Amino acid sequence: YSDDLSQVTEDLTKRQQFLEQMVETLPEDVTGEDTVTDSSSEAAKTVEKVSSAIPEAAGLARIEARQLALVERLTRFADSRAERASRAIRQLGLDPAIMLRAADTDAMGGPLELLATGRGGTIDPRFERLGLSLARMTALERGLDGIPQVRPAAIAEISSSFGFRRDPFTGGGAMHSGIDFRGPIGAPIYAAADGVVSFVGVKSGYGNVVEVSHGNGLMTRYAHMSRFATRVGQRVGAGDLIGGIGNTGRSTGPHLHFEVRINDRAVNPRPFLEMAPNVLEEARREPASGAARGQR
């Protein structure tokens, strides 16, 4: 502190602005005494030393101590949210590690704007730990949004399930890589999860097809459609209209053939559609405790 009191003041002001902006973006549940690290004893000693040696800097020392305490609470909050998301992802048979690796390769950029949070432009390791925790939380919660969770057709009747079946054309055994929803021509088809439309067109055997990429190797396919209501590159949300039920391609009657693929391998969509709504609702539920803004 004694080297350059004005510089310390500037650093702490920047850090305070950073924390305030961060808290504004988070739900109001950053409470409790549990922390990833506990700097309270260390901070109290620092405040005491500074107050004794440099009385005019005592206020700054107390501000810094409060900031570090908030950083630790925010880190705990982010870790708790990330763990909730991880549990939900594992319940649905997916690997959270894959989602984190995919997040590392996301396109990103922008001008370099360093945040000086310590002397000489260095970053306090507790801030770095917070940054990592928030990045992990964001990646996993974004992954939740891309998990199939909305029934793609309003018609409740499933006419054919996933797995081996008697082929309706040849009569022989064949693998059915999706589930079929019977319904009238033109009945709406909905995106099963958030994603980006990656294909709109005709595919052999499938007829008119829309494919939506959800990130992390997840893709959903909607086949035998009568019409399209989306385009390649369009971002869609879970439940958005993407087309209508039809009878195109290798089909014996109007229905939607729906597939879920992970790294281009077909998996049974039914567990996602039956389990995901409840699992994801629980993962997204906010703790009914306290308010972050009251902790400032």
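### Digging into the pattern of salt bridges
Across all of its chains, the model carries ten salt bridges by this definition. As a salt-bridge pair, Asp79 and Arg129 come within 2.9 Å of each other at their nearest N and O atoms. Taken as a pair, Asp79 in helix H3 (residues 58-91) and Arg129 in helix H5 (residues 125-145) lie far apart in primary sequence, 50 residues in all. Judged by its relative accessible area of 18%, Asp79 is buried. In this structure Arg129 comes out as partly exposed when scored by relative accessible area, which is 34%. The shortest N-O distance in the salt bridge between Glu259 and Arg221 comes to 3.2 Å. Here Glu259, found in strand E12 (residues 255-262), pairs with Arg221, found in strand E8 (residues 218-223); they are 38 residues apart in sequence, far enough to count as distant. The buried category is assigned to Glu259, whose relative accessible area is 0%. By relative accessible area, Arg221 is classed as buried at 7%. One salt-bridge network, held together by shared partners, links Lys203, Glu211, Arg221, Glu259, Arg261 and Asp264.

### Brief notes about the packing of aromatic side chains
Summed over all chains, the structure comprises one aromatic pair. Ring geometry for Tyr222 versus Phe258: centroids 5.3 Å apart, planes at 45°, classification tilted. Separated by 36 residues along the polypeptide, Tyr222 in strand E8 and Phe258 in strand E12 bring together distant segments of the chain. Assigned by exposure class, Tyr222 and Phe258 land together as buried. Here the basic side chain of Lys203 rests over the ring of Phe199, its NZ or CZ set 4.7 Å away from the ring centre.

### Things to note about the pairing of strand E11 (residues 241-244)
Looking down a regular strand, the side chains alternate between one sheet face and the other. Where strand E5 (residues 188-190) and E11 come together, three bridges link them in antiparallel fashion. The residue of E11 that forms the bridge with Pro188 is Gly244. Looking at chain direction, strand E9 (residues 227-228) and E11 are connected through two bridges and run antiparallel. Residue pairing for E11: Arg227 is matched across the bridge by Gly244.

### Side note on the confidence of the model for the protein
When pLDDT is averaged along the protein, the result is 77; 70% of the residues meet or exceed 70. Per-residue pLDDT stays below 50 along residues 30-35; that stretch engages in 15 contacts with residues further than four places along the chain or on separate chains. Below a pLDDT of 50 lies the segment residues 288-296, which in the model reaches 24 contacts outside its immediate sequence neighbourhood of four places, other chains included.

### Points about the side chain of Asn208
Looking at where Asn208 falls in the secondary structure, it is placed in strand E7 (residues 207-215). Since its relative accessible area comes to 17%, Asn208 is described here as buried. Leave out the neighbours within four places in its chain, and Asn208 touches Gly201, Val202, Tyr222, Ala223, His224, Met225, Ser226, Phe228 and Thr248.

### Some points on the sheet that holds E5
Sheet architecture is open: three strands sit in the order E5-E11-E9, paired in antiparallel fashion. Bordering the open sheet on either side are E5 and E9, each of which pairs with just one other strand.

### Describing the nonpolar core
If you look at soluble globular proteins, the nonpolar side chains tend to sit buried side by side. Leu94, Leu144, Ile147, Tyr222, Leu256 and Phe258 are the most contacted members of the largest nonpolar core, which has 48 residues in total. Counting only elements with at least two residues in this core, the list comes to H3, H5, strand E4 (179-182), E7, E8, E12 and helix H6 (270-284). For this core, the element with the most residues is H3, which contributes ten residues.

### Looking at the environment of Asp194
Relative to the helices and strands, Asp194 is located in the loop between E5 and strand E6 (195-203). Judged by its relative accessible area of 31%, Asp194 is partly exposed. In the structure, Asp194 is positioned 51 residues away from Gly143 in sequence and 9.5 Å away in space, judged by C-alpha atoms. With residues near it in sequence (within four places) discarded, Asp194 still touches Asp145, Gly146, His214, Val236, Gly237 and Ala238.

Conventions adopted
Residues numbered from 1 in each chain as written. Predicted model: local features only at pLDDT ≥ 70, side-chain atom pairs only at ≥ 80, totals over all residues. Heavy atoms only, no water. Salt bridge = Lys/Arg side-chain N within 4 Å of Asp/Glu carboxyl O. Helix = DSSP H or I, 4+ residues; strand = E, 2+ residues; numbered from the N terminus. Buried < 20%, exposed > 50% of the residue type's maximum accessible area, 1.4 Å probe, protein only. Phe/Tyr/Trp six-rings, centres within 6.5 Å; stacked < 30°, edge-to-face > 60°. Lys NZ or Arg CZ within 6 Å of the ring centre and 35° of its normal. Pairing = 2+ DSSP bridges. pLDDT = per-residue confidence, 0-100. Contact = heavy atoms within 4.5 Å. Core = buried A, V, L, I, M, F, W, Y, C linked by side-chain atoms within 4.5 Å.

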